[in-house]
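The lines below spell out each chain.
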Amino acid sequence: MTTHARGTFEIKLQPQLDEGVGDPSIGRLSFDKQFSGDLTGSSKGQMLATRTDAPGSAGYVAMERVIGTLGGKRGTFALQHSGTMNRGVSALVVTVVPDSGTEELVGLSGTLMIRIEEGQHFYEFDYTLGQA
């Protein structure tokens, strides 16, 4: 059975220096998040991003490790991001990395959607907890 979780998060981005990349259109950032709502806890992650010469077009990938409580169950899990902006139109897929759930979140799978309104970050997380 799929469960729906929702809430907000705050994110702090920190640019990282990449010696040897040699291409200023590619950037790497670390981030820290604080989740509230049906998912409470924190995460740390790394993001790679690139912009193009076309206004509003870019792409990013990221990996993050979440530590917290989801629907009253405690544990950790990993999220994988893949996002694009095509002249201002965004497409984003954030999925739970298979078999990454620990403790009471073993067997977790699902997808997380991110929405930003007036600078506030919101998440909607459809997930299932199955057997490992």
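Residues numbered from 1 in each chain as written. Predicted model: local features only at pLDDT ≥ 70, side-chain atom pairs only at ≥ 80, totals over all residues. Heavy atoms only, no water.

Engineer: Give a description of the overall build of the protein that names residues and reports values.
Structural biologist: Each helix and strand in the protein was counted, giving 0 helices and 8 strands. Secondary structure elements of the protein, listed N to C terminal, follow the sequence β-β-β-β-β-β-β-β. Computed over C-alpha atoms, the radius of gyration of the protein comes to 16 Å, within 12% of the 14 Å expected from 2.2 N^0.38 for 132 residues, which places it in the range of a compact globule. Over its C-alpha atoms, taken along the principal directions, the protein stretches across nearly 45 × 30 × 20 Å. A burial count over the protein gives 28% of its 132 residues as buried. Sequence-distant contacts in the protein: of pairs separated by 6 or more residues, those separated by 24 or more amount to 44%. For the protein, the accessible surface area stands at approximately 8,200 Å², while carbon and sulfur atoms represent 54% of it. If you average the places of the 11 positive and of the 15 negative side-chain charges in the protein, the two averages end up 2 Å apart. (Helix = DSSP H or I, 4+ residues; strand = E, 2+ residues; numbered from the N terminus. Rg over C-alpha atoms; globule rule 2.2 N^0.38 Å. Buried < 20%, exposed > 50% of the residue type's maximum accessible area, 1.4 Å probe, protein only. Contact = heavy atoms within 4.5 Å. Areas by Shrake-Rupley, 256 points an atom, 1.4 Å probe, with all protein chains shown as cover. Lys, Arg positive; Asp, Glu negative; His and termini not counted. Charge placed at Lys NZ, Arg CZ, Asp CG, Glu CD.)

Engineer: Account for the nonpolar core, naming residues and giving values.
Structural biologist: Residues L39, L70, F77, L79, L108, Y123 and F125 are the most contacted members of the largest nonpolar core, which totals 16 residues. Among the elements that line this core, the one with the most residues is strand β8 (residues 120-129), at 3 residues. Apart from residues no more than four positions distant in its own chain, L108 is found in contact with L70, F77, V96, F125, Y127, T128 and L129. (Core = buried A, V, L, I, M, F, W, Y, C linked by side-chain atoms within 4.5 Å.)

Engineer: Could you give an account of the environment of T95, with specific residues and numbers?
Structural biologist: Relative to the assigned elements, T95 resides in strand β6 (residues 89-96). Spatially, the C-alpha atoms of T95 and F31 are 17 Å apart, while their sequence positions differ by 64 residues. When near neighbours in sequence (up to four residues on either side) are disregarded, T95 contacts A78, L79, Q80, G110 and T111.

Engineer: Tell me about the packing of aromatic side chains, and name the residues and values.
Structural biologist: Enumeration over the complete set of coordinates arrives at 4 aromatic pairs. An angle of 45 degrees between the planes, with centres 5.3 Å apart, marks the rings of F125 and Y127 as tilted. Look at F125 and you get buried, because its relative accessible area is 0%. Pairwise contacts between aromatic rings join F9, F35 and Y123 into one cluster. Sitting above the plane of the F9 ring, K33 keeps its charged end 4.6 Å from the centroid. One residue, R115, lies across the ring of F122, its end atom 4.5 Å from the ring centre. (Phe/Tyr/Trp six-rings, centres within 6.5 Å; stacked < 30°, edge-to-face > 60°. Lys NZ or Arg CZ within 6 Å of the ring centre and 35° of its normal.)

Engineer: So what's going on with the side chain of H81? Residues and values would help.
Structural biologist: Summarising the element assignment, H81 is placed in strand β5 (residues 73-86). A distance of 3.0 Å separates polar atoms of two side chains, one belonging to H81 and the other to Y60. Here E64 takes part through its side chain, which lies 2.6 Å from a polar atom of the side chain of H81. Beyond its immediate chain neighbours, meaning those up to four positions away, H81 contacts K33, Y60, V61, A62, E64, V93, V94 and I114. (Polar contact = N/O pair within 3.5 Å; in protein donor to acceptor, adjacent residues only side chain to side chain.)

Engineer: Explain the environment of Y60 to me, using residue names and the numbers behind them.
Structural biologist: Take Y60: it is sitting in strand β4 (residues 58-70). In this structure the C-alpha to C-alpha distance between Y60 and G83, which are 23 residues apart in sequence, comes to 5.2 Å.

Engineer: A description of the pairing of β6 should follow, citing residues and the corresponding values.
Structural biologist: With 8 bridges connecting them, β5 and β6 associate as antiparallel partners. Considered in β6, the bridge of M85 is made with S90. Linking β5 to β6, which pair antiparallel, is a turn of 2 residues; within it R87 sits at a positive phi near 50 degrees. As judged from the 2 bridges shared by β6 and strand β7 (residues 108-117), these two strands associate in the antiparallel manner. Counted as the bridge partner of V94 is L112 from β7. (Pairing = 2+ DSSP bridges.)

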